[in-house]
Amino acid sequence: MGIHKRKDTGKYEVRIRLKDGTSYSKSFTKKGLAEQDERRVLNAIEEGTFRKQDKNMTFQKASELYLANEVQGNCKESTINGYYGYLNNHILPYFGNKLLYNIDKLDVDAFKTYLLTKNCKHIIKTKNGLQEKTTTRKLSNQTINHILILLHAIFEYMVDSDVIAKNPAKKVKKMSNDTQEAGFLTTEESNILLETAKTYFSNYYAILATAIITGIRQGELLALTWDDIDFENSVMSINKTYSKGKVTSPKTKTSIRNIKIPNTLIKILKEHKLANKNNSLNLVFPNSSGNYIDCRNLVNRFFKPCLKKAGIKEITWHQLRHSCVTTLAENGVNIKCIQKQAGHSSETTTLKVYTHVTEDMENQACNVLDKAFAV
């Protein structure tokens with residue numbers, strides 16, 4: 001009984017033996033947190049309230065409590081919306097009405113198997129309005145892991161609240177990482193696409209050029225205002241994003257950044273500004289009404305037709321971002337500079353997802369080795 005520092009992890013573990021023969025243990029990164037938890041548990045034991053489990057609480061009620069007390073006010077709206085999506089689409093249809101007390105590890109394992117066989121759904125626009133359509137595509141391992149992490153967090157909150165004795169999702173194994181190299185356009189393909197846009201979709205040429213040349217996120221692009229562009233110093237300030245009808249702060253703290261923009265883009269943006277009248281929101285890329293562009297319209301009315309017209313494989317708009325980062329990597333730009341340009345929180349993200357080993361990069365590596373070890 002007491003607090004012990006584990007040699008293998010360096011964490012402080014609270015261990016308390018209970019009168020019924022069971023035990024309580026929980027690990028913390030800081031000793032002060034462990035001491036605080038130990039006092040909480042000992043006080044609850046003395047008062048007779050520890051692990052007085054609520055056998056009538058459903059999982060749905062537990063998820064509502066978790067969202068209200070742990071998530072609301074602590075997370076960005078986009079994160080909260082993501083949690084609601086995982087709950088409403090996947091977790092609650094399976095666990096919603098089940099009593100929290102009766103859910104065990106076997107149930108969570110069965111849920112993971114269910115997720116592996118489940119088909120994805122998406123919303124399509126029809127003459128009768130929005131309709132849900134099932135596809136043949138399965139959930140990715142990454143999505144399944146995100147769902148399991150949320151499930152674990154809800155159970156853990158209930159353990160901390162002394163509603164249940166243990167977390168049934170604690171020892172459920174996560175899926176293996178199925179992250180694949182993201183699709184991208186070569187520099188040649190990017191230039192072909194830009195020429196096609198300039199010739200056949202001139203109204204969208206400037207926004208496409210900005211996406212390809214800067215690699216900023218779609219929401220950051222749609223929220224861009226003219227006061228974010230310093231033409232004199234060739235700097236673009238990324239400080240907001242537009243998504244689902246709202247302007248919010250960017251994805252992370254490192255997403256707020258100033259990036260240098262090349263003379264090519266400066267020229268394109270100046271011409272774009274002269275060719276378009278001012279709008280009340282001061283947007284660089286407004287729609288025909290002077291309001292924010294709808295991302296679905298941008299993709300369906302311009303991007304997909306432009307790719308088809310150019311004879312280029314279909315990619316997502318987000319993969320224009322990958323294309324920019326790959327171009328920088330191919331030409332030997334320092335990884336820290338690429339990280340700042342993309343607004344990533346760590347080099348790991350940049351290396352893991354966006355830097356592609358293309359044929360040009362492999363040839364460049366071979367040339368370096370040839371020169372270093374010439375015989």
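Refer to the structure presented above.
These notes cover the structure that comes with them. Only a predicted model underlies this, so the values are computations on that prediction, with no experimental measurement involved.

Concerning helix H3 (residues 77-95)
Structural remark: α-helix, 3.6 residues per turn; residues separated by three or four positions point the same way.
Now for step 1: Where H3 bends most, the angle comes to about 45°, and this point is Leu-87.
Now for step 2: Taken together, the buried positions of H3 are occupied by Ile-80, Leu-87, His-90, Ile-91, Leu-92 and Phe-95.
Now for step 3: Its buried side turned inward, H3 meets helix H2 (59-71), helix H4 (105-117) and helix H5 (141-160).

Structural notes on the packing of helix H11 (residues 318-330) against helix H12 (residues 335-342)
Now for step 1: In the contact formed by H11 and H12, the axes pass within 10 Å of each other and the chain directions differ by 160°. As judged from the angle between their axes, H11 and H12 are roughly antiparallel. Seen along the crossing, H11 lies across H12 with a hand that is right-handed. Between H11 and H12, the contacting residues are Arg-321, Val-325, Leu-328 and Ala-329 on the first element and Ile-338, Gln-341 and Ala-342 on the second.
Now for step 2: Residue classes in the contact of H11 with H12 are distributed as five nonpolar, one polar and one charged.

Focus: the pattern of salt bridges
Any two side chains of opposite charge can pair if their charged atoms end up close together.
Now for step 1: Overall, the coordinates contain 13 salt bridges when judged by the stated rule.
Now for step 2: Lys-267 serves as the salt-bridge partner of Glu-271, at 2.8 Å between the closest nitrogen and oxygen. Highlighted residues: Glu-271 and Lys-267, both in helix H9 (residues 263-275), separated by four residues, approximately one helical turn.
Now for step 3: Glu-271 sits in the partly exposed class, given a relative accessible area of 43%.
Now for step 4: The exposed category is assigned to Lys-267, whose relative accessible area is 51%.
Now for step 5: One salt bridge connects Asp-294 with Arg-296, and the closest N-O pair in it is separated by 3.4 Å.
Now for step 6: Owing to a relative accessible area of 29%, Asp-294 belongs among the partly exposed residues under this scheme.

Definitions and limits used
- Residues numbered from 1 in each chain as written.
- Predicted model: local features only at pLDDT ≥ 70, side-chain atom pairs only at ≥ 80, totals over all residues.
- Heavy atoms only, no water.
- Bend = angle between axes of the 7 residues up to and from the residue.
- Helix = DSSP H or I, 4+ residues; strand = E, 2+ residues; numbered from the N terminus.
- Buried < 20%, exposed > 50% of the residue type's maximum accessible area, 1.4 Å probe, protein only.
- Contact = heavy atoms within 4.5 Å.
- Axes fitted to C-alpha atoms, helices over the stretch in contact; angles between N-to-C directions.
- Parallel < 35°, antiparallel > 145°, perpendicular 65-115°, else oblique.
- Left-handed = near helix turned anticlockwise from the far one by under 90°.
- Nonpolar A, V, L, I, M, F, W, Y, C, P; charged D, E, K, R; others polar.
- Salt bridge = Lys/Arg side-chain N within 4 Å of Asp/Glu carboxyl O.

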